[in-house]
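# Residue-level structure breakdown
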Amino acid sequence: MDVCDRLGAAAVTNHRRPDGLPMVSAGRARATWIVELMTARIDHHLIAQAAGLASAASLARWQHHVPPLDHATAVRLLRGPDA
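Here the structure is a predicted model, which means the values were calculated and not measured. (Residues numbered from 1 in each chain as written. Predicted model: local features only at pLDDT ≥ 70, side-chain atom pairs only at ≥ 80, totals over all residues. Heavy atoms only, no water.)

## Section: the nonpolar core
Within the largest apolar cluster, 11 residues are counted, these being Ala31, Ile34, Val35, Met38, Ile47, Ala48, Ala51, Leu53, Leu59, Trp62 and Val66. Listed by contribution, the elements that provide at least two residues to this core are α2 (26–39) and α3 (44–51). Take this core: its biggest share by element is four residues, from α2. Beyond its immediate chain neighbours, meaning those up to four positions away, Ile47 contacts Ile34, Leu37, Met38, Ile42 and Leu59. (Core = buried A, V, L, I, M, F, W, Y, C linked by side-chain atoms within 4.5 Å. Buried < 20%, exposed > 50% of the residue type's maximum accessible area, 1.4 Å probe, protein only. Helix = DSSP H or I, 4+ residues; strand = E, 2+ residues; numbered from the N terminus. Contact = heavy atoms within 4.5 Å.)

Printed below as a string of structure tokens:
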């Protein structure tokens, strides 16, 4: 481990988070990224592929975090770009 690696590790180890804030973790950041993509209505197969998941079915565990579409957006998406 070189000096930069040791300094980085020390900064992470010695960091004190403010009370009430969750710990930063790679898994949590990944889940946030996936939910943001799902909220943006990106194709689920594409998200699964980018996230290294076996299939789009694996995204089901995050679906409850995706807010429902408003009526106008739902109509626009269902009618397509030429409507």
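## Regarding helix α4 (residues 71–79)
N-cap assignment for α4: the residue whose side-chain oxygen lies 3.2 Å from the backbone N of Ala72 is Asp70. Downstream of α4 by a residue or two, Gly80 has a phi angle that is positive, lying close to 90°. (Polar contact = N/O pair within 3.5 Å; in protein donor to acceptor, adjacent residues only side chain to side chain.)

## Notes on the environment of Ala48
Its place among the elements puts Ala48 in helix α3. Separated by 11 residues in sequence, Ala48 and Leu59 have C-alpha atoms that sit 7.1 Å apart. Those residues within four positions of Ala48 in sequence are excluded, and the remaining contacts are Leu53, Ser55, Ala56 and Leu59.

## What about unusual backbone geometry?
You will see that Arg41, though not glycine, has its phi angle at about 65°, which is positive. Within the secondary structure, Arg41 is located in the loop between α2 and α3.

## Details of the packing of α2 against α3
For the pair α2 and α3, the least separation of the axes is 10 Å and the interaxial angle reads 160°. As far as their axial angle goes, α3 and α2 are roughly antiparallel. Here the hand of the crossing between α2 and α3 comes out right-handed. Taken together, the residues of α3 that come into contact with α2 (itself represented by Arg30, Trp33, Ile34, Leu37 and Met38) are His44, Ile47, Ala50 and Ala51. Taken together, the residues of the contact of α2 with α3 break down into seven nonpolar, one polar and one charged. (Axes fitted to C-alpha atoms, helices over the stretch in contact; angles between N-to-C directions. Parallel < 35°, antiparallel > 145°, perpendicular 65-115°, else oblique. Left-handed = near helix turned anticlockwise from the far one by under 90°. Nonpolar A, V, L, I, M, F, W, Y, C, P; charged D, E, K, R; others polar.)

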